[in-house]
Protein chains: 2
Amino acid sequence: MAQYTFRTRSSDCPYELAIGLVSGRWKPRLLEVLKDETLRYGDLKERLKPVSDKVLSAALDDMTRNGLISRTAFAEIPPRVEYALTPQGESLLEALGPLRDWARTENGR
Amino acid sequence: MAQYTFRTRSSDCPYELAIGLVSGRWKPRLLEVLKDETLRYGDLKERLKPVSDKVLSAALDDMTRNGLISRTAFAEIPPRVEYALTPQGESLLEALGPLRDWARTENGR
DNA sequence: CAGGATCCAATGAGATACTG
DNA sequence: CAGTATCTCATTGGATCCTG
């Protein structure tokens, strides 16, 4: 994974780097729903319920460029595109586990 | 810890909740520098080098309201204010550990 | 010393409409 | 089906100046 881009780079801070990769309203959920499952654009859109096309495709694009998600387009009509987690995406999701647990505990969920 | 506020709340997602607490350019670092140490405003400003007053005080305020940081003001002249991690702040920092490690590994640092 | 007040630029998110 | 194009609005980060 070569380069991450940030508006204001001070990414000598690893926290910031990792957080930057998943901050955005839909990114953590994208990782989650893609766990163990390859999904098409329409599936993702349905699972993330009220997301707009623009925001979803931007998030997918971001995460694809950052190597967290793989994108496979089939040359068919109608078009079909499948998204899945890459190994990096999977390990990032795992690394997020403690954070999720913390939130659940502190928030009493 | 009662309530977190988000622009667009869909915080039925724990990831999003925890990430929201530490997204912001300086927040992860604030947690880090306050580990094991109580610091004054000026100390923090120095350690976070090129941060502006507005952004630093906003971050401190945020995190204080969210119960991650404690703020103690002394009624003296000149004013003195000390910041420290709360237990929640400490446990959040720990929960961020795997994320930091992930970033270091994936980024080869 | 520890900030609040103000102003600005850049980014993020959403709604809607349109297309190969 | 899987997006892109446009537009709008809210939030973020930063610079600068000011103050109890």
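Residues numbered from 1 in each chain as written. Chains lettered and ligands numbered in written order. Predicted model: local features only at pLDDT ≥ 70, side-chain atom pairs only at ≥ 80, totals over all residues. Heavy atoms only, no water.

Chain A is annotated in an unreviewed UniProt entry as Helix-turn-helix transcriptional regulator from Marivivens donghaensis.

Peer 1: Give me the lowdown on the overall build of chain A, citing residues and values where you can.
Peer 2: The helix and strand tally for chain A stands at six helices and three strands. In sequence order, the secondary structure elements of chain A are arranged as α-α-β-α-α-β-β-α-α. Looking at chain A as a whole, 43% of its 109 residues are labelled buried. Within chain A, residue pairs in contact and separated by at least 24 positions form 42% of the contacts whose partners lie at least 6 positions apart. For chain A, the exposed surface amounts to about 5,800 Å²; the carbon and sulfur share of it is 49%. (Helix = DSSP H or I, 4+ residues; strand = E, 2+ residues; numbered from the N terminus. Buried < 20%, exposed > 50% of the residue type's maximum accessible area, 1.4 Å probe, protein only. Contact = heavy atoms within 4.5 Å. Areas by Shrake-Rupley, 256 points an atom, 1.4 Å probe, with all protein chains shown as cover.)

Peer 1: An account of the side chain of Arg-100 of chain A is needed here, citing residue identities and associated values.
Peer 2: Its place among the elements puts Arg-100 of chain A in helix α6 (residues 97-106). Side chain to side chain, Arg-100 of chain A and Tyr-15 of chain B meet in a polar contact 3.0 Å long. Apart from the residues lying within four places of it in its own chain, the contact partners of Arg-100 of chain A are Pro-14 and Tyr-15 of chain B. (Polar contact = N/O pair within 3.5 Å; in protein donor to acceptor, adjacent residues only side chain to side chain.)

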